[in-house]
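# Architecture and fold: a report
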Amino acid sequence: MTSPHFHIPYAVPTVLLAVALAFKFPTFVRAWRDPDVRATTLLLTWATAVLVVITPVNIDRLNRLTGVANIAAPWAYSFLTAFCATGLTMIMRWREEPSPRRRRSMRRIYALYAGVVVALWVTFLLADAPTPRIYDFDTYYASTPWIREHILLYLVAHMVSSLVAAYLLWTWFPQIANLWLKSGVVLLQLGFLSGLAFDITKLIAVGARWAGRDLDGLSTYAAPPFALLEAILVALGFIVPQAGPFLTRWARDQRDYRRLGHLWRVVRILEPGAAPARFGRLAPLDLRLIQRQQHIHDALRLLAPHYAPALHQRAYDTAVAAGHGAERARAIAGALAVQHAVDASRNNAPRSTGAQTGAQTGTETGARTSAETGAQIGAEVSDHIDAISAVLKRPHVLDDIRQRVMNTESLDSHA
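To start, this report covers the structure provided alongside it. (Residues numbered from 1 in each chain as written. Predicted model: local features only at pLDDT ≥ 70, side-chain atom pairs only at ≥ 80, totals over all residues. Heavy atoms only, no water.)

A few words on the overall build of the chain. When helices and strands are tallied, the chain shows 15 helices and zero strands. Once local pairs closer than 6 in sequence are excluded, the contacts in the chain between residues at least 24 apart make up 75%. In the structure as shown, the chain presents an accessible area of about 21600 Å², 62% of it carried by carbon and sulfur atoms. (Helix = DSSP H or I, 4+ residues; strand = E, 2+ residues; numbered from the N terminus. Contact = heavy atoms within 4.5 Å. Areas by Shrake-Rupley, 256 points an atom, 1.4 Å probe, with all protein chains shown as cover.)

What follows is the structure in structure tokens.
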């Protein structure tokens, strides 16, 4: 019976690799003909397969289902070798422009590692390894003919690929400008270095067996964490460059969506000109943000006939006089103007004109046309909806400026 505490650490990197593969899968479906997309998808697939196979409980299951002791070894090492080949060729695709030279180098790598996979199966089939070993296969059979070569094949192939990959990423790193891609390359490089530590630890334990010494603990207990760390770092190396920009956009859209909520709640009493498309809460955030922005702009157009430019100007002057900066004063004035227009619209008040507002002076004459008023609300309100919505979060500020405006108008009317 396998020990349960050995199984738990394998779940984390397996899930991370599965998440990385899930992030990549939609791109693979859309652009499966793209060699870069195929290479990345295959790399994550091989890495996930390795972890699924080497999980102790799955090793035991494979032994029972197939009736072949230690059959998980050639499967796991074959997936690991395929991972090495795909990783090297993928890095070459990143670094070098398409050319006959690059194509020949990649073909040589695929051919070499395909030969290693064939050799792994040949050596396993020629070997005599009848006793199932879940945790210490490499050291238990380190001196067994053909299994010895089997172990050396996968360790050397993995070590060479880790060294070359780490070197290629190191020399490529200074040429990368994108921050998220830089982060991904750093994680990948650390992952390949962890793989190198795994190989060295395993080789020391196997070499000790050849010398008649027992350092099996290095292989059984010290090496696996390096392999798991490699899997985690490689998974993150591919998740970060894709998830980073996505999460950045999502956070920005979430911030904007919430910020516009205050203004949207003020104007949503207005009926839009056309029935809006309804999106559920599970709809993509960017679509819901666009709908909210469109609803606000439609509402502001409906409010244009009730917009009072003089009230906006008076509120702006009052806010500046109260110590607010120009941008904040403009937002406060816009918020008060929108609230005034909404109240007027709700009360079916006649459209505002240039001569008919509570703050209008006797020297102002004429009337603004609807087009002029619409242009005015576009310039003074529509262009600052984020700031206006943010101000609406603080009703005490608006109440203070509104009271000051009313007091000023009252003084003017008595003058």
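The next thing to look at is the nonpolar core. Counting residues in hydrophobic clusters, the biggest one holds 61 residues, and the most contacted among them are Ile 147 and Tyr 154. Where this core is concerned, the elements lending two or more residues are α1 (8-30), α2 (35-54), α4 (72-95), α5 (100-126), α7 (147-172), α8 (179-210) and α9 (216-267). Considering each element in turn, this core owes the most residues, 13 residues, to α4. Residues contacting Ile 147, with those up to four places away along its chain left out, are Phe 124, Ala 127, Ala 129, Phe 137 and Tyr 141. (Core = buried A, V, L, I, M, F, W, Y, C linked by side-chain atoms within 4.5 Å. Buried < 20%, exposed > 50% of the residue type's maximum accessible area, 1.4 Å probe, protein only.)

Attention now goes to the packing of α8 against α9. The contact between α8 and α9 brings their axes to 8 Å, and the two run at 170 degrees. Between α8 and α9, the crossing angle belongs to the class labelled roughly antiparallel. Among the residues forming the contact of α8 with α9, the class breakdown is 23 nonpolar, 10 polar and four charged. (Axes fitted to C-alpha atoms, helices over the stretch in contact; angles between N-to-C directions. Parallel < 35°, antiparallel > 145°, perpendicular 65-115°, else oblique. Nonpolar A, V, L, I, M, F, W, Y, C, P; charged D, E, K, R; others polar.)

Buried within helix α3 (residues 56-66) we find Pro 56, Asn 58, Ile 59 and Asn 63. All buried residues of α3 fall inside an arc of 165 degrees around its axis, so they share one side. Turned more than 90 degrees from where α3 packs its buried face, Arg 64 and Leu 65 sit exposed. (Arc of directions from axis to C-beta.)

Together, Val 15, Val 19, Phe 23, Phe 246, Leu 247 and Trp 250 line one region of the surface with nonpolar side chains, adding up to about 540 Å² of accessible area. Where the nonpolar patch is concerned, the elements lending two or more residues are α1 and α9. (Patch = residues over 30% accessible without salt bridge, like charges linked within 9 Å, V, L, I, M, F, W, Y side chains within 5 Å. Salt bridge = Lys/Arg side-chain N within 4 Å of Asp/Glu carboxyl O.)

This brings us to a positive patch on the surface. Judged by side-chain charge, Arg 103, Arg 104, Arg 107 and Arg 108 come together as a positively charged surface patch. With respect to the helices, strands and loops of the structure, Arg 104 is situated in helix α5. Look at Arg 104 and you get partly exposed, because its relative accessible area is 47%. (Lys, Arg positive; Asp, Glu negative; His and termini not counted. Charge placed at Lys NZ, Arg CZ, Asp CG, Glu CD.)

What follows covers the environment of Lys 182. On the secondary structure map, Lys 182 appears in helix α8. Expressed as a C-alpha distance, the spacing of Lys 182 and Trp 172, which sit 10 residues apart in the sequence, is 9.9 Å. Contacts of Lys 182, omitting those with residues within four sequence positions, involve Phe 173 and Ile 176. A polar atom in the side chain of Lys 182 sits 3.3 Å from the backbone oxygen of Phe 173. (Polar contact = N/O pair within 3.5 Å; in protein donor to acceptor, adjacent residues only side chain to side chain.)

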